[in-house]
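# Coordinates in review
The residues making up each chain are set out below.
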Protein chains: 2
Amino acid sequence: MPAKATPAAAGTKALTPADPPVAPASPVRLAAQTWESLFRAQVAMMRRLQAGPAFKALALNEYDVLFALSGCPSGWLRQNELNDHVLLSQSSLSRLVERLEKRGLVQRMPAPDDGRGVLVQLTEAGRDLQKQIGREHVRDIASLVAPALTAEEQRQLLRLTEKLRTSVLNAKQ
Amino acid sequence: MPAKATPAAAGTKALTPADPPVAPASPVRLAAQTWESLFRAQVAMMRRLQAGPAFKALALNEYDVLFALSGCPSGWLRQNELNDHVLLSQSSLSRLVERLEKRGLVQRMPAPDDGRGVLVQLTEAGRDLQKQIGREHVRDIASLVAPALTAEEQRQLLRLTEKLRTSVLNAKQ
DNA sequence: GGCCGATAGATGCAAACGCATATAAATCGG
DNA sequence: CCGATTTATATGCGTTTGCATCTATCGGCC
């Protein structure tokens, strides 16, 4: 997380887990602490989720692809659009989709309006598997998030991360 | 997204990016949306950070290990403690540390009080490299986070993610 | 139309990963 | 104090990943 997963903590000095940031001096330092905390929360959550039974059948990145496809109104997504949802290189995603196709979970076809492109959609089996794993997954998530944060806090967190994400996506360069 | 980082979006139905959650019906659904948003923010941030020049010399997971070691008061960490900071399996971490040692960035020694254990610490070169990358890294982070969230919002986000993380770590089983 | 740089995807290859397992030391129970 | 269980790390092995590169198509421009 993969992708992983992959990951990156923050800056020049770590906090001990039990030692919350005291007086965040500079704006730069505050931003770094914020990112570190976000990142570490994600790592902790991810560890738990991956350990659950929901991911025996499907690796995390693979599930994410099915999930992205499941939420797409037309049912079809370009491979390069899929790449935005997953923390994977283009080549790795290409092979991942290939594997999913071999397993009968997705279908590929050449994009009608662009001879270079490939469209991907879920098969029936892929949709079923996504739903099944999704249900378990949602339960696991709720059992971790609900005891940690009130509904109001969850709404705040949702709002802040959404704001962060859209800003990052639209950032110049 | 190390780290691998992998990753996992949320539940049974996706949101289009431009479509913020309208009326989060059930608590379970709210939790799932919250996690999805957190996760996607992390993916978006991570993509940007990995693209920066700061990670040419060192993969994300490798940096995270140096970072964890840099923040440890005693300077030494057990390998299994390191594992909590990184989204990697135990075996992968073992080999990652081995690589770092070959590159002269960390040092290993048998734990004095536990014949099974291995202690790891930064070498001088490792500390220097961590500091150098850390500085760049912090700048990149700030340039992404600062335009997105006010200082107050960052403090809120820091608090919420910290709360989430400690709760997840302490959750039963 | 024909050329040129940019973009989408596929592929060779070496590096990195996770799973299962091996080894060794610590801990627990009697 | 001894055997059984658990914990910490290492290693064999097949799979997955990223980088560099290749091919094909697109889009702009003359």
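The shown structure was predicted, so the numbers you read here are calculated from the model rather than taken from an experiment.

## Concerning the overall build of chain A
- The helix and strand inventory of chain A stands at 6 helices and 3 strands.
- Along the chain direction, N to C, the helices and strands of chain A fall in the order α-α-β-α-α-β-β-α-α.
- Counting the 173 residues in chain A, one finds 45% classified as buried.

## Things to note about the protein's contact with DNA strand D
- In the vicinity of DNA strand D there are 22 residues, among which Ser91, Ser92 and Gly115 of chain A together with Asn80 and Ser91 of chain B approach most closely.
- Of all elements in the fold, only α4 (90-102) of chain A together with α3 (79-83) and α4 (90-102) of chain B reach the threshold of two or more residues within the surface near DNA strand D.
- By residue number, the principal contributor to the surface near DNA strand D is α4 of chain A, which donates 5 residues.
- Counted by class, the surface near DNA strand D contains 4 nonpolar, 11 polar and 7 charged residues.

## Structural notes on the sheet that holds strand β1 (residues 77-78) of chain A
Residue and element names in this part refer to chain A.
- The 3 strands lie next to each other as β1-β3-β2, forming an open sheet whose pairing is antiparallel. Looking at which strands have only one partner, the edges of the open sheet turn out to be β1 and β2 (106-110).
- Across 2 bridges, the pairing between β1 and strand β3 (residues 118-122) is antiparallel. Within β3, the position partnered with arginine 78 by the bridge is leucine 119.
- Strands β2 and β3 of the sheet are contacted by α4, whose axis makes an angle of about 120° with β2.

## Quick word on helix α2 (residues 60-70) of chain B
- Most of α2 of chain B sits out of view: 11 of its 11 residues are buried.
- Every buried residue belonging to α2 of chain B is among Leu60, Asn61, Glu62, Tyr63, Asp64, Val65, Leu66, Phe67, Ala68, Leu69 and Ser70 of chain B, and all of these are buried.

## Description of the protein's contact with DNA strand C
- Around DNA strand C, a shell composed of 23 residues is seen, among which Asn80, Ser91 and Ser94 of chain A together with Ser92 and Gly115 of chain B lie nearest.
- Contributions of two or more residues to the surface near DNA strand C are made by α3 (79-82) and α4 of chain A together with α4 of chain B.
- For the surface near DNA strand C, the element with the most residues is α4 of chain B, which contributes 5 residues.

## Some remarks on the pairing of β3 of chain A
- Alignment of β2 of chain A against β3 of chain A, held across 5 bridges, turns out to be antiparallel. Pairing of valine 106 of chain A across the sheet is with leucine 122 of chain A, part of β3 of chain A.

Rules used throughout
- Residues numbered from 1 in each chain as written.
- Chains lettered and ligands numbered in written order.
- Predicted model: local features only at pLDDT ≥ 70, side-chain atom pairs only at ≥ 80, totals over all residues.
- Helix = DSSP H or I, 4+ residues; strand = E, 2+ residues; numbered from the N terminus.
- Buried ≥ 20, exposed ≤ 12 C-beta atoms within 10 Å, placed from the backbone.
- Near = placed C-beta within 6 Å.
- Nonpolar A, V, L, I, M, F, W, Y, C, P; charged D, E, K, R; others polar.
- Pairing = 2+ DSSP bridges.
- Contact = placed C-beta atoms within 7 Å.
- Axes fitted to C-alpha atoms, helices over the stretch in contact; angles between N-to-C directions.

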